[in-house]
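# Coordinate analysis (summary)
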Amino acid sequence: MEDKEINISILTWLWISEGFIKSHDEKSLEDIAEGYLENLIGRNLVTVAKWSSGGKERAEEKNLLLWMKRDRNVNTSCSIYSHKQLVQRRMSIYSEVGNLVEWSSSCCGAVHFREDNNKGSFSIAQFSHIYFRFLKVLNLEFIVIDSFPTELVYLRYFAARTSQKSIASSIANLQNLETLIVKPMGGKLILPITLFKVVKLRHLQIYSKAHFTLDAAEELLENSKFVNLITLSSLTFCCLRDVELMLRTPNLRKLRCSFVGWGYPSHVMRSLTRLETLNISMDSCGSSPSNFPPNLKKLTLSNFTMYWLQSSIAMLPNLQVLKLVAIFFSKAEWEVNNNRFHQLKVLKIVYCPCFKKWNVSDNAFPCLEHLVLRRCRYLEAIPSHFGDIPYLISIEVKSCKESLVKSAMVIRDTQVEEMQNYDFKVIIHK
């Protein structure tokens, strides 16, 4: 069987939707699934194919999930299943879209199409609720669909691409839906407010900017919450009222969003006490955030001003990964004082043309393991203090000044020769 790569979050969501993960104790299903995955990695049944700055990103399956490839010589109509067998049956198909009709009599519980050579949109009507009535997982992540499968009421997981500009309000028919992943081919996507009626929804992931139609919806939203929602990506908010209505998500753990035309909603964000991963973008650098969710572990910020950020993020007690994109530095300088970022393990700074000088005190970044600098074209050097950080594993540099590259090599000499950190690496991308 050919090995396959898959995003780790998506892999665990699939396990949950197909019923492989059972809840116990007070752990979430996602945490239990990640524990199982760690066990499988330890047994070499799954290997990590790509590492992100904050940890594992994609897993490579080795005979773990039996993705079944269609044998063209098999008679698909040779077997008949009772309703009970049909509900329990789990089957994944690797096939071209054109062969779908041949599989209809097998009545799968899970359908995966990972590749599609067809042009144009795929008719979702092929998934007749008669033949696929008990379908729980429909994974069309590389397929462009013409509509959404609102008749498949047992569906728990749905992923697809779409050329449409909006999702129909009838998506609320899918009362068992737990994971919805959509990649709009045209950019923005409009979401119906009826999604709030899908009370079991745990993961809503849109691979583009999306916004809800909130006209005449306040009455519905006042009495609604995404109680089970854990992942929300990528919403655009145009006013404070939208944020107050939409982020009634007491169990939210991952949020990616942008704010257009106004400032940062400090009081709303502070209330997201279970949020662990936040990716937030502003449309300009004029915002002055005063509060971030208190339990953040991973934070990505775009188009903020460091003068306002410093006191807000430096003392976050659990912050381990920080990515700064297009940050404005007052006087083109960043001063990091003692005892700042004391749990941070990964720091990435990307495309900051206003960043020229960096001063770091001796006790800052004490636990840092990875430093990544990309397109910081005017930053003169990396502070020599990084040569004394005992846990530092690597420095990665891309599209920066030659003087900065030289300072990275000096830090390497300090780490290897003085700190005896023989595994330390400097990675230079041209």
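The structure reproduced in this document is the subject of the present report. Computed from a predicted model, the values in this text were never measured in an experiment. (Residues numbered from 1 in each chain as written. Predicted model: local features only at pLDDT ≥ 70, side-chain atom pairs only at ≥ 80, totals over all residues. Heavy atoms only, no water.)

Pairs may arise between side chains of opposite charge once their charged atoms sit close together. Tallied over the full model, the rule gives five salt bridges. Here Arg253 makes a salt bridge to Asp31, at a shortest N to O gap of 2.9 Å. Taken together, the positions of Arg253 in the loop between helix H6 (240-246) and strand E13 (254-259) and Asp31 in helix H2 (residues 29-42) put the pair 222 residues apart, joining distant regions of the chain. A salt bridge links Glu396 to Arg374; the shortest N-O distance between them is 2.9 Å. Of this pair, Glu396 sits in strand E21 (residues 394-398) while Arg374 is found in strand E20 (residues 370-374), placing the two residues 22 residues apart along the sequence. Looking at Glu396, the relative accessible area reads 16%, which means it is buried. (Salt bridge = Lys/Arg side-chain N within 4 Å of Asp/Glu carboxyl O. Helix = DSSP H or I, 4+ residues; strand = E, 2+ residues; numbered from the N terminus. Buried < 20%, exposed > 50% of the residue type's maximum accessible area, 1.4 Å probe, protein only.)

In terms of burial, helix H1 (residues 8-17) is largely enclosed, as nine of its 10 residues are buried. When we look at burial in H1, the residues that qualify are Ile8, Ile10, Leu11, Thr12, Trp13, Leu14, Trp15, Ile16 and Ser17. Where H1 begins, the capping side chain belongs to Asn7, and its oxygen is found 2.9 Å from the backbone nitrogen of Ser9. Immediately downstream of H1, the backbone of Gly19 shows phi near 85°, a positive value. (Polar contact = N/O pair within 3.5 Å; in protein donor to acceptor, adjacent residues only side chain to side chain.)

Cis rather than trans, the peptide bond between Ser233 and Ser234 has omega equal to -5°. With respect to the helices and strands, Ser234 occurs in strand E12 (residues 231-237). Phi angles above zero are rare outside glycine, and Asn303 is one such case at about 65°. For Asn303, the location among the structural elements is in the loop between strand E15 (298-302) and helix H8 (306-313).

Moving on, we come to helix H9 (residues 402-418). A rise of 1.5 Å per residue sets the reference length of H9, with its 17 residues, at 24 Å; its end C-alpha atoms lie 24 Å apart and thus fit the reference within 8%. Looking only at H9, the buried set comprises Leu404, Val405, Ser407, Ala408, Ile411, Thr414 and Gln415. In this fold, the buried residues of H9 make contact with E20, E21 and strand E22 (425-429). Where H9 ends, the next residue or the one after it, Gln420, has phi of about 55°, a positive value. (Expected span 1.5 Å × (residues − 1). Contact = heavy atoms within 4.5 Å.)

The topology assignment puts Gln175 in the loop between strand E8 (157-162) and strand E9 (179-184). On the basis of relative accessibility, which here comes to 36%, the residue Gln175 falls in the partly exposed class. Here Gln175 is in contact with Lys197, Val198, Val199 and Lys200, once residues within four sequence places are set aside. For Gln175, the side chain forms a polar contact with the main-chain oxygen of Ala172, separated by 2.6 Å.

Moving on to the pairing of E22. For E21 and E22, the ladder comprises five bridges, and the chain directions are parallel. Opposite Ser394, over in E22, you have Lys425 as the bridge partner. With H9 bridging E21 and the parallel E22, this β-α-β connection has right-handed handedness. (Pairing = 2+ DSSP bridges. Right-handed = clockwise from strand over helix to strand, strands pointing away.)

We now examine the pairing of strand E7 (residues 137-145). Burial within E7 is extensive, with seven of its nine residues counted as buried. Sheet analysis places strand E6 (residues 110-112) next to E7, joined by three bridges and oriented parallel. Along E7, the bridge assignment pairs His112 with Asn139. By the bridge criterion, six bridges tie E7 to E8 in an arrangement that is parallel. Looking across to E8, one finds that Leu138 is bridged to Phe158.

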